[in-house]
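What follows is each chain in one-letter form.
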Amino acid sequence: MKKGDHLFLVDGSGYIFRAYHALPPLTRKSDGLPTSAVLGFCNMVWKLTQDARNTDVGIVPTHFAVIFDYSSKTFRNDLYPEYKANRSAPPEDLIPQFGLIRQATRAFNLPCIETEGYEADDLIATYCRLACEASADTTIISSDKDLMQLVGPSVAMYDPMKDRQIGVPEVIEKWGVPPEKMIDLQALTGDSVDNVPGVPGIGPKTAAQLLEQFGDLDTLLARATEIKQDKRRESIIANADKARISRDLVTLKNDVPVNGGLDDFVLHPPDGPRLIGFLKTMEFSSLTRRVAEATGTEAADVKPVPVIIERADTAHGPDMGFGVPAAAESAAGTVTDEAGEAVPATVKVEPKQGDTPSLLSALRYEDATASKIDTSAYVSIRDTEVLKAWVAVAMEAGIVAFDTETNSADPMQAELIGLSIATAPGRAAYVPLAHKSGNGDLLGGGVVENQIPIREALATLKPLLEDRSVLKIVQELKYDLVVMSRHGIDIAPFDDTMLISYVLEAGTSGGHSMAALSEKWLGHSTIALKELAGSGRSFVGFDQVDIDKATAYAAEHADVTLRLWRVLKPRLAAKGLVSVYERLERPLVPVLARMEQRGISVDRQILSRLSGELAQGAARLEDEIYQLVGERINIGSPKQLGDILFGRMGLPGGSKTKTGQWSTSAQLLEDLAAEGHELPRKIVDWRQLTKLKSTYTDALPGFVHPDTKRVHTSYALAATTTGRLSSSDPNLQNIPVRTIEGRKIRTAFIADKGNKLVSADYSQIELRVLAHVAEIPQLKQAFADGADIHAITASEMFNVPVEGMPSEVRRRAKAINFGIIYGISAFGLANQLSIPREEAGAYIKKYFERFPGIRDYIDATKAYAREYGYVETIFGRRIHYPEIRSSNPSVRAFNERASINARLQGTAADIIRRAMIRMDEALEKAKLSGRMLLQVHDELVFETAEAEVEATIPVVRHVMENAAMPAVSMSVPLHVDARAANNWEEAH
DNA sequence: ACAGAAGCTTA
DNA sequence: GTAAGCTTCTGTT
């Protein structure tokens, strides 16, 4: 070894303990062998020997050795029998890792050094001296203070966990003394971990001050009487012997007899196949991949090598058996991402051949609920290197639960406050990013210290979140997808526990929120946000929440999400619902996330003009109403209105609501108006104008995003029982269309300059589904012919020709057709048509005579729902009706109607979902710029370049009309009407 | 400040 | 008769 050479000495034993406590646990997939310390070690060594420029050391070593303790008994025990006597046995899952790390060292083709009777620190001191004598530099890979006495001009330390170099200035900064005085300092302070006594009452601050004053330990002890503080003086005088003994214990021996010299430590390039053989055995797949790339080895050609695993009872004993690498993941423990690529999943309860999906479900359930959720056990990650270690473990595990914490429920506006991840049940961490110290300070408080900068944290997490071989598990994924997408991260592949629950349990009580699922499946109540951030007026942003509390809350989310996934995912297979989840639910999430992010342009000028007109109209009506009533009542109060109309004015035909109030429904007021009463007419008109104003023209401008200048609705995937989406904030699925006044609001929804809006909607999709599932020949024929379905129905029922049919006849048939979809009742039909119930009953009877298949369909659906407690769409989506067997006849009848409707509404919802999932790719393949913006149950709204309108419409129509294929070949054609215009009113 | 009822908008 | 969401009023907390 010569000048200019650089020796790296890794404190292997120290690293093991530090890694074990700092890193999240990881077990080998095939047999549960604990490996997190081994993985951390391998990652570190690989980085130090290959990517030195990526570390703070910044140097590629020429010589490299890993040093270990030989055993716990050393020469220091002869000096002081109590030395390290208070050390308890290492944790059980650490024991096998001691041997594995030595084997890892050899696999890296690195010297593995240990000598009986000496600690690793003594060997390090000895090699440091030898390197120094050869004028070479040394870096000690450790952060142990016991080694800091060695730091000097040619010797530095490097903390691999914090990616930090420790030189003379760092030692002084930390301990207040230069490295050469570290021995004296430790002699005074002692070390409770190693049971080095020191002087009681003297800590590092006092020790540094005394050494500053007296120079060194011997001088201090000789002149101890000069110390002013009584207690301190007496303690030092009384414990001088302990101080001397401590000095002997902490002084490293730099003349340990060693075999061979530093030249044995010359760093050789790794032996690719040998190293890969070891890494494969450990099942470190991502490191295997990196090593294979760097060494140009074909990893697939390398066989895993047997490794020796030591058990707890024979920590230093001989070979106790070979770790057998897993040949392949068993089917039940493997999840598949969209590309059909198998993604390995960590399986603690190992499924065996012959296990049924149901058995696996049961095992997983026991497993997930076996360990209690302890919110105090979570970790706050405040340091990039620690985050990297978690990322490495998640990479190897192939699975990670993830959650974001923000300051807003709106993902388009939310700022990221923190992130949480979980790698195994109970092992979760929170990464605070933007917490502020808000202790009531009028100045607003500053940013809390020791938070990883957002850019750095995201750069560290991006490779994990986008890695094709790591499954990300998220509750209500779409929110996080939008938030992370705004930070340039596209999470994939993924599972969404909310959607899994929705597929399994739609229609059962409780909903699919994390709180509900945790309660239901884990028997655990999650921390409520309002416990941390308050509610209402006292609500504070998540950035104001104390980090410890935020950690418990946020990491719990990741932990609960992971546990829920372990419970729920296997149930999909057990119940035959995997394809519903994988084809109808999961792929829709990124589609909707993109639609929400695009938003739609709204012309605020049009809305404000409409608001003015509506206000004028309403004001005029208000004056007229006050005139008629004789006083200024609150027209918006149904209570006051009812009292005036039916009490004071004594109008006829009043009825009561279920709370005993007079009903003032539009239907009832319309009837009164038809009898010539002036006031009810004006009230109905007033209500329409104020409704349009408050709900639409006044409210919509408030939803225009400050940056994008567009309106971004939020679609809920798991809010309805039938599989429909819902829209909120704002709801763009109930924009008026029926009245001329209402339609004007749609003119405010516009295409950007140079673009057009294209609206494409399914014609009579639910009736077509009915014709298909109930197999009604006349209806099928009518749809095949493109005929007027309601006219055909009327013609069949009333024996009148379609030609010249009175509109009232067609209207009644139309009402019956819709009635069927809604699970018809004579009561409902009578209400709808304002006819006696007997007459409505007669119509229904007639209808069933003409279309007996519909009665069969209704009876079969009721019977099925009663037997199974659920019904299914033609694509297998399951909708539960737990109350279908209720003894209450009206409850039972309601559930029967709902289940009849659910098959039709749900099937239609499935069809448009399938179209949406395929749409983006179809447009891209056709090289069209068209983008899907809105979904309104049977309608899709697009924005597309004006020049591409003609090319876009056929693509859109083709995707929508063929959406049921190839899963289901419908016996009725689907028909789509599509138009383009500058605004939604004209396009629709 | 919140919850429920009434009423109205959509498919 | 099915499925949703939003606003206003009203009474309670």
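Since we're looking at a predicted model, the values are computed, not measured.

**Student:** Describe the overall build of chain A, listing the residues and the values that go with them.
**Tutor:** Within chain A one finds 38 helices and 25 strands. The principal-axis extents of the C-alpha atoms in chain A amount to approximately 115 × 65 × 60 Å. Within chain A, the fraction of its 988 residues that count as buried is 52%. Taking the intrachain contacts of chain A between residues at least 6 apart in sequence as the baseline, contacts between residues at least 24 apart amount to 67%. Accessible area of chain A: about 43,600 Å², with a carbon and sulfur share of 50%. Here chain A contributes 111 positive and 131 negative side-chain charges, whose respective centroids are spaced 5 Å apart.

**Student:** Pulling in residues and values, what's your account of the protein's contact with DNA strand C?
**Tutor:** Lining the immediate surroundings of DNA strand C are 35 residues, of which Ser-637, Asp-729, Asn-731, Ala-815 and Phe-827 lie closest. Close to the protein, within 4 Å, the atoms of DNA strand C are drawn from sugar and phosphate at a rate of 72%. A distance of 3.2 Å separates a phosphate oxygen of DNA strand C from a polar atom in the side chain of Asn-634. Contact distances for DNA strand C include 3.5 Å between a sugar or linking oxygen and a backbone N or O atom of Tyr-822. Counting residues per element, the ones that place at least two in the surface near DNA strand C are helix 25 (638–648), helix 27 (678–697), strand 18 (726–728), helix 32 (807–821), helix 33 (826–833) and helix 36 (889–925). By residue class, the composition of the surface near DNA strand C is nine nonpolar, 21 polar and five charged.

**Student:** Hey, could you go over the protein's contact with DNA strand B for me, with residue numbers and the actual values?
**Tutor:** Surrounding DNA strand B, one finds 25 residues, the nearest of these being Arg-537, Thr-657, Thr-659, Thr-664 and Val-737. Here a phosphate oxygen of DNA strand B and a side-chain polar atom of Thr-664 are 2.6 Å apart. Arg-687 is positioned with one of its side-chain polar atoms (N or O) 3.1 Å from a phosphate oxygen of DNA strand B. Grouping the amino acids of the surface near DNA strand B by side-chain chemistry returns eight nonpolar, 10 polar and seven charged.

**Student:** Describe the packing of aromatic side chains, with residues and values.
**Tutor:** Here the structure, examined in full by the defined rule, presents 16 aromatic pairs. Ring centres of Phe-818 and Tyr-822 lie 6.4 Å apart, and the angle between their planes is 40 degrees; on these two criteria the pair is classed as tilted. Judged by centre distance (5.9 Å) and plane angle (40 degrees), the ring pair of Tyr-868 and Tyr-870 falls under tilted. Owing to a relative accessible area of 43%, Tyr-868 belongs among the partly exposed residues under this scheme.

**Student:** Describe the confidence of the model for chain A, with residues and values.
**Tutor:** Model confidence for chain A is summarised by a mean pLDDT of 89, while 93% of its residues fall at 70 or above. The low-confidence segment residues 312–351 (pLDDT under 50) makes 82 contacts with residues lying over four places distant or belonging to another chain.

**Student:** Mind laying out the sheet that holds strand 16 (residues 710–711), listing which residues take part and the relevant values?
**Tutor:** Strand order in the open sheet formed by three strands is 16-15-19, and the pairing between neighbours is antiparallel. One side of each edge strand has no neighbouring strand; the edge strands of this open sheet are strand 16 and strand 19 (749–750). Examined bridge by bridge, strand 15 (residues 600–602) and strand 19 share two bridges and lie antiparallel to one another. Note that in strand 19 the partner of Val-602 across the bridge is Phe-749.

**Student:** Any details on the domain arrangement of chain A? Residues and values, ideally.
**Tutor:** As assigned here, chain A comprises domain 1 (6–167 + 253–265), domain 2 (368–586), domain 3 (601–704) and domain 4 (792–904). The gap between the C-alpha centroids of domain 2 and domain 4 is 44 Å. The interface is formed by 12 residues belonging to domain 2 together with seven residues belonging to domain 4. Both faces combined, the contact of domain 2 with domain 4 buries some 740 Å², and carbon together with sulfur accounts for 51% of it. Taken as a group, Ala-506, Val-580 and Leu-584 account for 41% of the area that domain 2 buries against domain 4, more than any other trio of residues on that side. Scanning the region where domain 2 abuts domain 4 turns up one salt bridge. Between Arg-877 and Glu-585 there is a salt bridge, with the nearest N and O atoms lying 2.7 Å from each other. At the boundary of domain 2 with domain 4, the tally comes to three residue pairs in polar contact (both at pLDDT 80 or more). Counting residues per element, the side of domain 2 that touches domain 4 draws most heavily on helix 18 (residues 497–505), which supplies four residues.

**Student:** Tell me about the sheet that holds strand 2 (residues 63–67), residues and numbers included.
**Tutor:** Spatial ordering of the open sheet is given by 3-2-1-4-5-6, a layout of six strands whose pairing is mixed. Both edges of this open sheet fall to strand 3 (112–113) and strand 6 (164–166), since each of them pairs with a single strand only. Where helix 5 (residues 120–133) meets the sheet, it contacts strand 1 (6–11), strand 2, strand 3, strand 4 (137–141) and strand 5 (155–159), and its direction lies at approximately 175 degrees from that of strand 1.

**Student:** Before we move on, could you go through the pattern of salt bridges and cite the residues and values that matter?
**Tutor:** Per the stated rule, a full pass over the model turns up 48 salt bridges. Among the salt bridges present, the one from Glu-624 reaches Lys-682, with a minimum N-O distance of 2.8 Å. One end of the pair, Glu-624, is in helix 24 (residues 604–629); the other, Lys-682, is in helix 27, and 58 residues separate them in sequence. For Glu-624, a relative accessible area of 28% translates into the label partly exposed.

**Student:** Give me the lowdown on the pairing of strand 1, citing residues and values where you can.
**Tutor:** Most of strand 1 sits inside the fold, with six of its six residues counted as buried. Side chains His-6, Phe-8 and Val-10 of strand 1 all project onto a buried face; the interleaved residues Leu-7, Leu-9 and Asp-11 project onto the opposite face, where all are buried too. Note that strand 1 and strand 4 share five bridges and pair parallel. Pairing of Phe-8 across the sheet is with Thr-139, part of strand 4.

Calculation rules
- Residues numbered from 1 in each chain as written.
- Chains lettered and ligands numbered in written order.
- Predicted model: local features only at pLDDT ≥ 70, side-chain atom pairs only at ≥ 80, totals over all residues.
- Heavy atoms only, no water.
- Helix = DSSP H or I, 4+ residues; strand = E, 2+ residues; numbered from the N terminus.
- Buried < 20%, exposed > 50% of the residue type's maximum accessible area, 1.4 Å probe, protein only.
- Contact = heavy atoms within 4.5 Å.
- Areas by Shrake-Rupley, 256 points an atom, 1.4 Å probe, with all protein chains shown as cover.
- Lys, Arg positive; Asp, Glu negative; His and termini not counted.
- Charge placed at Lys NZ, Arg CZ, Asp CG, Glu CD.
- Near = heavy atom within 4 Å.
- Polar contact = N/O pair within 3.5 Å; in protein donor to acceptor, adjacent residues only side chain to side chain.
- Nonpolar A, V, L, I, M, F, W, Y, C, P; charged D, E, K, R; others polar.
- Phe/Tyr/Trp six-rings, centres within 6.5 Å; stacked < 30°, edge-to-face > 60°.
- pLDDT = per-residue confidence, 0-100.
- Pairing = 2+ DSSP bridges.
- Domains from an automatic or database assignment.
- Buried area = accessible area lost by both parts, 1.4 Å probe.
- Salt bridge = Lys/Arg side-chain N within 4 Å of Asp/Glu carboxyl O.
- Axes fitted to C-alpha atoms, helices over the stretch in contact; angles between N-to-C directions.

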